[in-house]
Amino acid sequence: MASDQERIRERIKELLKKPGNGNCADCGVADPEWASYTLGVFVCHSCSGLHRNIAQISKVKSLLLDPWSSSELEFIDSVGNNAAKAKYEQIVPAFYYRPTSKDC
């Protein structure tokens, strides 16, 4: 019988398949391995370090190494990368440069 954490990990893998979640919400690199459980977005390892620096806004966990609560999982399921971008980036000017995974 699968434990709660095993079921949660399987659910996380399903969430990564939803449109927009298979890439880092910040830089766009494929297969993010971290998530901000306060913003509801999936991010890569590099961007997770940046999120750790703004701990009053974004708290991150590893998708597979850290334990997840059901409420954290439900929140990230209810938001996701596309919805978060639509909310947080709605007034970003068209000329704004979007960082990529190749930037320092």
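Presented here is an overview of the structure given in this document. (Residues numbered from 1 in each chain as written. Predicted model: local features only at pLDDT ≥ 70, side-chain atom pairs only at ≥ 80, totals over all residues. Heavy atoms only, no water.)

What follows deals with the nonpolar core. The biggest cluster of nonpolar side chains holds 11 residues, and these are Cys-24, Ala-25, Cys-27, Trp-34, Leu-39, Val-41, Val-43, Cys-44, Cys-47, Val-60 and Ala-84. Non-local contacts of Trp-34, meaning those with residues more than four positions away in its chain, are made with Val-41, Phe-42, Val-43, Cys-44, His-45, Ser-48, Arg-52, Val-60, Lys-61, Ser-62, Leu-63 and Asp-66. Grouped together as the second largest cluster of nonpolar side chains are 9 residues, Ile-8, Leu-15, Trp-68 and Ile-76 included. (Core = buried A, V, L, I, M, F, W, Y, C linked by side-chain atoms within 4.5 Å. Buried < 20%, exposed > 50% of the residue type's maximum accessible area, 1.4 Å probe, protein only. Contact = heavy atoms within 4.5 Å.)

Now for the environment of Glu-72. One can find Glu-72 in helix 3 (residues 70-78). Every residue in contact with Glu-72, bar those within four places of it in the chain, is listed here: Tyr-37, Lys-61 and Pro-67. Only 3.0 Å separates the side chain of Glu-72 from the backbone nitrogen of Ser-69, close enough to count as a polar contact. (Helix = DSSP H or I, 4+ residues; strand = E, 2+ residues; numbered from the N terminus. Polar contact = N/O pair within 3.5 Å; in protein donor to acceptor, adjacent residues only side chain to side chain.)

Moving on to the pattern of salt bridges. All chains considered together, the criterion is met by 7 salt bridges. Note that Lys-18 and Asp-77 form a salt bridge whose closest N and O atoms lie 3.0 Å from each other. Pair noted here: Lys-18 is in the loop between helix 1 (4-16) and strand 1 (34-36) and Asp-77 is in helix 3, with a separation of 59 residues, a long-range link. In this structure Lys-18 comes out as partly exposed when scored by relative accessible area, which is 34%. (Salt bridge = Lys/Arg side-chain N within 4 Å of Asp/Glu carboxyl O.)

Listed in full, the buried residues belonging to helix 2 (residues 45-52) are Cys-47, Ser-48 and His-51. In a view along the axis of helix 2, the buried residues occupy a sector of 110 degrees, so they form one face of it. Along helix 2, the residues that are exposed and aim more than 90 degrees away from the buried face are His-45, Ser-46 and Leu-50. (Arc of directions from axis to C-beta.)

To continue, consider the packing of helix 1 against helix 3. Helix-helix packing is described using two parameters, namely the angle between the two axes and the distance between the axes. In contact at an axis separation of 11 Å, helix 1 and helix 3 are set at 10 degrees when each is read in the N-to-C sense. Judged by the inter-axis angle, helix 1 sits roughly parallel to helix 3. Residues Ile-8, Arg-11, Ile-12 and Leu-15 of helix 1 form the contact with helix 3, whose participating residues are Ser-70, Leu-73, Ile-76 and Asp-77. Within the contact of helix 1 with helix 3, the residues separate by chemical class into 5 nonpolar, 1 polar and 2 charged. (Axes fitted to C-alpha atoms, helices over the stretch in contact; angles between N-to-C directions. Parallel < 35°, antiparallel > 145°, perpendicular 65-115°, else oblique. Nonpolar A, V, L, I, M, F, W, Y, C, P; charged D, E, K, R; others polar.)

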